[in-house]
Amino acid sequence: MLKLEQVNLFTKLKSQARNNLPGYPILQDISFEVFSGDRITIIGHSGAGKTSLLRLLNRLTEPTSGKIYLENQEYHQIPIIQLRQQVTLVHQETKLLGMTVGEAIAYPLVLRKWPKQQIQEKVSYWREQLQIPENWLGRTEVQLSAGQRQLVAIARALVIQPKILLLDEPISALDPGQASLLVNIIAQLTQPSSQAPTAAILMINHQLDLAQEFSTRLLHLQQGQILANHPAPDINWEELKTSLIKAEHQASEDW
């Protein structure tokens, strides 16, 4: 479905660009594949390149080198709007842009000029799937918590039924019970359904207990490189927790 081949991302200061000097590496030699039904948790210390990777996959940034393919078609050959309909990113910090909850969830379909009845049916379906109370629909952004806004943003992404859903720490603002519930609901999106095609999900998540429940695969980034890419059953989770703590400590000292 999705394939990355030796992708690199560098950033340059203006002085480096003027003098044609190499920039700072953000991602280096990234190669992996994503298949329909995958639930991939992306982990790593702060600054490991996790969010930068999701931004590449949504084409908010372009790779310095290497290639990305979606269903055997090179990324740059796919019109960007069409690409983002298929590979959709939900940011960690989300906004409703002055809309009510109901308007925000429906907005992607309004842009596509869907009939009003079909929009209402689709909004109702995903509201129920994500267990969003009906009395939220008239609320505005200021009447929602950060976790509630995140849930609405996920519903807004899902109404267009992307092939790949990219989630940047979607449970960071939720309490443990809400986080577990949301992870279980999201995991169901990778199961065949009459209402929605089977999706793949890539999720940045620091809560390893929930990652263990959710993941079919774990992608571990360290200093912009893939340290490990393993099926979830093959992972020693306790050992992983220890290594993450050490890496975070080292990253803090380096900073």
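Provided above is the structure to which this section pertains.
Residues numbered from 1 in each chain as written. Predicted model: local features only at pLDDT ≥ 70, side-chain atom pairs only at ≥ 80, totals over all residues. Heavy atoms only, no water.

### Structural notes on the pairing of strand E4 (residues 65–70)
Here is the rule: Two strands qualify as a pair provided that DSSP identifies no fewer than 2 bridges between them. Segments assigned H or I by DSSP are reported as helices when at least four residues long, segments assigned E as strands when at least two residues long, and all are numbered from the N terminus.
Of the pairings in the sheet, the one linking strand E1 (residues 2–11) to E4 comprises 5 bridges and is antiparallel in character. The residue bridging Leu 4 from the neighbouring strand is Ile 68, located in E4. Strand direction decides the pairing type here: E4 and strand E5 (residues 73–74), joined by 2 bridges, are antiparallel. Bridge assignment links Leu 70 to a residue of E5, and that residue is Gln 73.

### Things to note about the packing of helix H4 (residues 101–111) against helix H6 (residues 146–158)
Operational definition: Throughout, an axis means a line fitted to C-alpha atoms (over the contacting stretch in the case of helices), and angles, computed between N-to-C directions, take values from 0 to 180 degrees. Here the angle decides the label: under 35 degrees means roughly parallel, over 145 means roughly antiparallel, 65 to 115 means roughly perpendicular, and every other value means oblique. The handedness criterion is simple: a crossing whose near helix is rotated anticlockwise from the far helix by less than a right angle is left-handed, and one whose near helix is rotated clockwise is right-handed. For this analysis, residues touch if any pair of their heavy atoms sits within 4.5 Å. Classification convention: Asp, Glu, Lys, Arg as charged; Ala, Val, Leu, Ile, Met, Phe, Trp, Tyr, Cys, Pro as nonpolar; all other residues, Gly among them, as polar.
Two numbers describe how H4 lies on H6: the axes approach to 7 Å, and their chain directions differ by 30°. On the basis of their axis angle, the class for H4 and H6 is roughly parallel. In the packing of H4 onto H6, the handedness of the crossing is right-handed. Here H4 contributes Val 101, Ala 104, Ile 105 and Pro 108 to the contact with H6, which in turn contributes Val 152, Ala 155 and Arg 156. Taken together, the residues of the contact of H4 with H6 sort by class into 6 nonpolar, no polar and 1 charged.

### Observations regarding the sheet that holds E5
Pairing within the open sheet is antiparallel, and its 4 strands lie in the order E2-E1-E4-E5. The open sheet has two edge strands, strand E2 (24–34) and E5, and neither has a second partner.

### Some words on H4
We count it as follows: Between buried and exposed lies partly exposed: a residue is buried under 20% and exposed over 50% of the maximum accessible area for its type, with that area taken using a 1.4 Å probe on protein chains only.
For H4, every residue scored as buried is listed here: Val 101, Gly 102, Ala 104, Ile 105, Ala 106, Pro 108 and Leu 109. Along its buried surface, H4 packs onto helix H5 (116–129) and H6.

### Quick look at the pattern of salt bridges
Our working definition: Any carboxyl oxygen of Asp or Glu that lies within 4 Å of a side-chain nitrogen of Lys or Arg is treated as forming a salt bridge with it.
Summed over the entire model, instances satisfying the criterion amount to 8 salt bridges. Close ionic contact of Asp 38 with Arg 217 constitutes a salt bridge, the shortest N to O distance being 2.8 Å. Taken as a pair, Asp 38 in the loop between E2 and strand E3 (39–43) and Arg 217 in strand E9 (residues 217–222) lie far apart in primary sequence, 179 residues in all. With a shortest N-O distance of 2.9 Å, Lys 163 and Glu 71 are connected by a salt bridge. Taken together, the residues span a long stretch of sequence, with Lys 163 in the loop between H6 and strand E7 (164–168) and Glu 71 in the loop between E4 and E5 at a distance of 92 residues.

### Here's the deal with the packing of H4 against H5
Where H4 meets H5, the axes come as close as 10 Å, and the angle between the chain directions of the two elements is 140°. Judged by the angle between their axes, H4 and H5 are oblique. By crossing handedness, the relation of H4 to H5 is classed as right-handed. From H4, Ile 105, Ala 106, Leu 109 and Val 110 reach across to H5, where they touch Ile 119, Lys 122 and Val 123. Its residues assigned to classes, the contact of H4 with H5 comprises 6 nonpolar, no polar and 1 charged.

### Side note on unusual backbone geometry
Peptide bonds are, in most cases, trans, and in most cases residues other than glycine have a negative phi. In this structure, Leu 97 takes a positive phi of about 55° despite not being glycine. Inspection of the secondary structure assignment puts Leu 97 in the loop between strand E6 (87–90) and H4. Positive phi is not limited to glycine here, since Gln 223 has a value of about 50°. Within the fold, Gln 223 resides in the loop between E9 and strand E10 (225–231). Owing to a relative accessible area of 52%, Gln 223 belongs among the exposed residues under this scheme.

### Things to note about the environment of Gln 148
Worth spelling out the cut-off: The definition of a polar contact used here is a pair of N or O atoms within 3.5 Å, where within protein one atom must be able to donate a hydrogen and the other to accept one, and adjacent residues in sequence count solely through side-chain atom pairs.
Residue placement: Gln 148 occurs in helix H6. The partly exposed category is assigned to Gln 148, whose relative accessible area is 22%. On a C-alpha basis, the gap between Gln 148 and Ala 173 in space is 8.6 Å, while along the polypeptide they are 25 residues apart. Other than its neighbours up to four places away in sequence, Gln 148 contacts Trp 136, Arg 139 and Gln 143. Separated by 2.8 Å, the side chain of Gln 148 and the backbone nitrogen of Ser 145 make a polar contact.

### Details of the side chain of Thr 100
Examined against the element boundaries, Thr 100 turns out to sit in the loop between E6 and H4. Take Thr 100: its relative accessible area is 19%, and that puts it in the buried class. Filtering out sequence-adjacent residues up to four positions away, Thr 100 remains in contact with Leu 137, Gly 138 and Arg 139.

### Things to note about a nonpolar patch on the surface
We apply this condition: A patch is a set of surface residues, each over 30% in relative accessible area and not in a salt bridge, joined within 9 Å for like charges and within 5 Å for the nonpolar side chains Val, Leu, Ile, Met, Phe, Trp and Tyr. Accessible surface is estimated by sampling points in the Shrake-Rupley manner with a 1.4 Å probe; for residues, cover comes only from the protein chains shown.
A surface patch of nonpolar side chains, amounting to about 280 Å² of accessible area, comprises Tyr 107, Val 110 and Leu 111. For Val 110, the position within the fold is in helix H4.

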